[in-house]
Amino acid sequence: MQDITDEEGNALDEYFTTHIPVTDPSKGGVTTRQGFSMVALDPLSEDYLMTRAIATHKTPTEIIGELVREKIAATA
């Protein structure tokens, strides 16, 4: 992952300070408080997602949800 700016670092710090992930050994990984499992991303996807999250002031989960809904709408 590339270095991030101070602004990006502060945005990530603020996000993870208020959205603390918790571990769930029974699910074999890290889950959010809503119970959704987190997944590993390739570097390109991670960079895109985090850049878009910071630029739009949305969470990565919101962006993924939008992408999924767009894909579903395109195939309907």
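As a reminder, the structure under discussion sits directly above these lines.
Rules of the game
- Residues numbered from 1 in each chain as written.
- Predicted model: local features only at pLDDT ≥ 70, side-chain atom pairs only at ≥ 80, totals over all residues.
- Heavy atoms only, no water.
- Helix = DSSP H or I, 4+ residues; strand = E, 2+ residues; numbered from the N terminus.
- Contact = heavy atoms within 4.5 Å.
- Areas by Shrake-Rupley, 256 points an atom, 1.4 Å probe, with all protein chains shown as cover.
- Polar contact = N/O pair within 3.5 Å; in protein donor to acceptor, adjacent residues only side chain to side chain.
- Axes fitted to C-alpha atoms, helices over the stretch in contact; angles between N-to-C directions.
- Parallel < 35°, antiparallel > 145°, perpendicular 65-115°, else oblique.
- Nonpolar A, V, L, I, M, F, W, Y, C, P; charged D, E, K, R; others polar.
- Salt bridge = Lys/Arg side-chain N within 4 Å of Asp/Glu carboxyl O.
- Buried < 20%, exposed > 50% of the residue type's maximum accessible area, 1.4 Å probe, protein only.

Before going further, it helps to spend a moment on the overall build of the chain. What the chain contains, in helices and strands, is three helices and two strands. At a minimum sequence separation of 6, the contacts of the chain that also span at least 24 residues come to 18%. Surface exposure of the chain reaches about 6200 Å², of which carbon and sulfur atoms provide 59%.

Let's shift gears to the environment of E8. Within the secondary structure, E8 is located in helix α1 (residues 6–18). Linking E8 and I54, residues 46 residues apart in sequence, is a C-alpha distance of 6.7 Å. There is a polar contact of 2.8 Å between the side chain of E8 and the backbone nitrogen of T5.

The angle between the axes and the distance between the axes are what describe a pair of packed helices. Contact geometry for helix α2 (residues 43–56) and helix α3 (residues 60–75): axes closest at 9 Å, N-to-C directions at 105 degrees. Comparing their axes, α3 and α2 come out roughly perpendicular. For the pair formed by α2 and α3, the contact residues are Y48, L49, M50, R52, A53 and T56 on the first element and P60, I63, I64, E66 and L67 on the second. Grouping the constituent residues of the contact of α2 with α3 by class yields eight nonpolar, one polar and two charged.

Per the counting criterion, the structure on display carries two salt bridges. A salt bridge links E66 to R52; its shortest N-O distance comes to 3.9 Å. You can see E66 sitting in helix α3 and its partner R52 sitting in helix α2, a full 14 residues away along the chain. Taking the relative accessible area as the measure of exposure, E66 reaches 22% and is therefore partly exposed. Overall, the relative accessible area of 25% leaves R52 in the partly exposed class. Between K58 and E66 there is a salt bridge, with the nearest N and O atoms lying 2.5 Å from each other.

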